[in-house]
Amino acid sequence: MEGCGSCDLCHDRTKVVFGEGATNPLVMVVGEAPGEDEDTQGIPFVGKAGEKLNSILEYVGVTREEIYITNSVLCRPPNNRNPRAEELEACKWRLDLQIQLLKPKLVILLGKIATQSMQEQPVKGALSQFFPENLKEQKDGWLRYSVGGHEAKVLITYHPSYHLRSPERAYRTTLPHWTRVKKWVESERQAI
Ligand code: SF4
């Protein structure tokens, strides 16, 4: 991917931020796009949002080494703007391939950009419509995503950067989501 020029984001990047973690992860976390720190270091989630993610993962009871972390696009958008639809589309085959090869049982999408990257149609309305407590058709509270013969559960929640902007609201809203993940991880470990 280091030589990828499939979208305009290739022009301003310092490093392609590919992703990191286990090769057989139970959980894959997908964020939005690399920021300045990630672009410099080539590692996902190393800035303030990364510190927040680390503390969330600690609550869940997993380490970064046990899971896999990547982003919806691998290159930093100029001035940290949101990735455009065509850029998400250009990087989607790589995300699909990572899911296909790594076979995580659970994919966690952080924020609207990550959610959009996995949808065929534009995401309209509030992100909260995808939260487990608001899923009407999925009685067990999990969405699903299939690619290359592999099906993963999907959980959608706020991006850690939202915790930095609105800590109380983010905490109140997402605590049930992360508690759900924590319990699921515990049950999966018992089943092994
Ligand atoms: S964001 Fe993805 S598709 Fe675009 S240049 Fe970077 S690696 Fe290629």
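Residues numbered from 1 in each chain as written. Predicted model: local features only at pLDDT ≥ 70, side-chain atom pairs only at ≥ 80, totals over all residues. Heavy atoms only, no water.

Some remarks on helix α3 (residues 85-102)
For step 1, the next point in the chain: An ideal rise of 1.5 Å per residue puts 26 Å on 18 residues; α3 measures up with 25 Å between its terminal C-alpha atoms.
For step 2, the next point in the chain: Of all the bends in α3, the greatest measures close to 40 degrees and is centred on C91.
For step 3, the next point in the chain: Looking at α3, one finds that the buried residues are E87, L88, C91, K92, R94, L95, D96, Q98, I99 and L102.
For step 4, the next point in the chain: The inward-facing, buried residues of α3 abut β2 (27-31), β3 (68-71), β4 (106-110), α4 (111-117), β5 (143-147) and β6 (150-157).
For step 5, the next point in the chain: Two residues or fewer past α3, K103 is found with a positive phi of approximately 50 degrees. (Helix = DSSP H or I, 4+ residues; strand = E, 2+ residues; numbered from the N terminus. Expected span 1.5 Å × (residues − 1). Bend = angle between axes of the 7 residues up to and from the residue. Buried < 20%, exposed > 50% of the residue type's maximum accessible area, 1.4 Å probe, protein only. Contact = heavy atoms within 4.5 Å.)

Let's talk about the nonpolar core
For step 1, the next point in the chain: Counting residues in hydrophobic clusters, the biggest one holds 24 residues, and the most contacted among them are I99, V107, L109 and I156.
For step 2, the next point in the chain: The set of elements that each furnish at least two residues to this core consists of β2, α3, β4, β5 and β6.
For step 3, the next point in the chain: I99 has contacts with M28, P104, V107, M118, Y145, V147 and H150, leaving out every residue within four places of it along the chain.
For step 4, the next point in the chain: Counting 19 residues, the second-largest nonpolar core is a separate cluster that includes V60, L110, V181 and V185. (Core = buried A, V, L, I, M, F, W, Y, C linked by side-chain atoms within 4.5 Å.)

Looking at the sheet that holds strand β1 (residues 20-21)
For step 1, the next point in the chain: Strands sit in the order β1-β3-β2-β4-β6-β5 across an open sheet of six strands; the sheet is mixed. Two strands bound the open sheet, and with one partner strand each, they are β1 and β5.
For step 2, the next point in the chain: Here β2 pairs with β3 via four bridges, running parallel. Directly across from V29, in β3, lies its bridge partner I69.
For step 3, the next point in the chain: Contacts between helix α6 (residues 167-191) and the sheet are confined to β2, β4 and β6, with β6 contributing the most and set at about 150 degrees to the helix. (Pairing = 2+ DSSP bridges. Axes fitted to C-alpha atoms, helices over the stretch in contact; angles between N-to-C directions.)

What to know about the packing of aromatic side chains
For step 1, the next point in the chain: Under the criterion given, the structure shown has three aromatic pairs.
For step 2, the next point in the chain: Ring centres 4.2 Å apart and planes at 45 degrees place the aromatic pair Y158 and Y162 in the tilted group.
For step 3, the next point in the chain: Classification of Y158 by relative accessible area gives buried; the value is 14%.
For step 4, the next point in the chain: Using a relative accessible area of 12% as the deciding quantity, one classes Y162 as buried.
For step 5, the next point in the chain: Connected via pairs of aromatic rings, a cluster forms that spans F131, Y158 and Y162.
For step 6, the next point in the chain: Here the guanidinium or amino end of R180 rests over the ring plane of W142, the centre of that ring lying 4.6 Å away.
For step 7, the next point in the chain: Between K182 and the ring centre of Y59, over which it is positioned, the NZ or CZ distance is 5.0 Å. (Phe/Tyr/Trp six-rings, centres within 6.5 Å; stacked < 30°, edge-to-face > 60°. Lys NZ or Arg CZ within 6 Å of the ring centre and 35° of its normal.)

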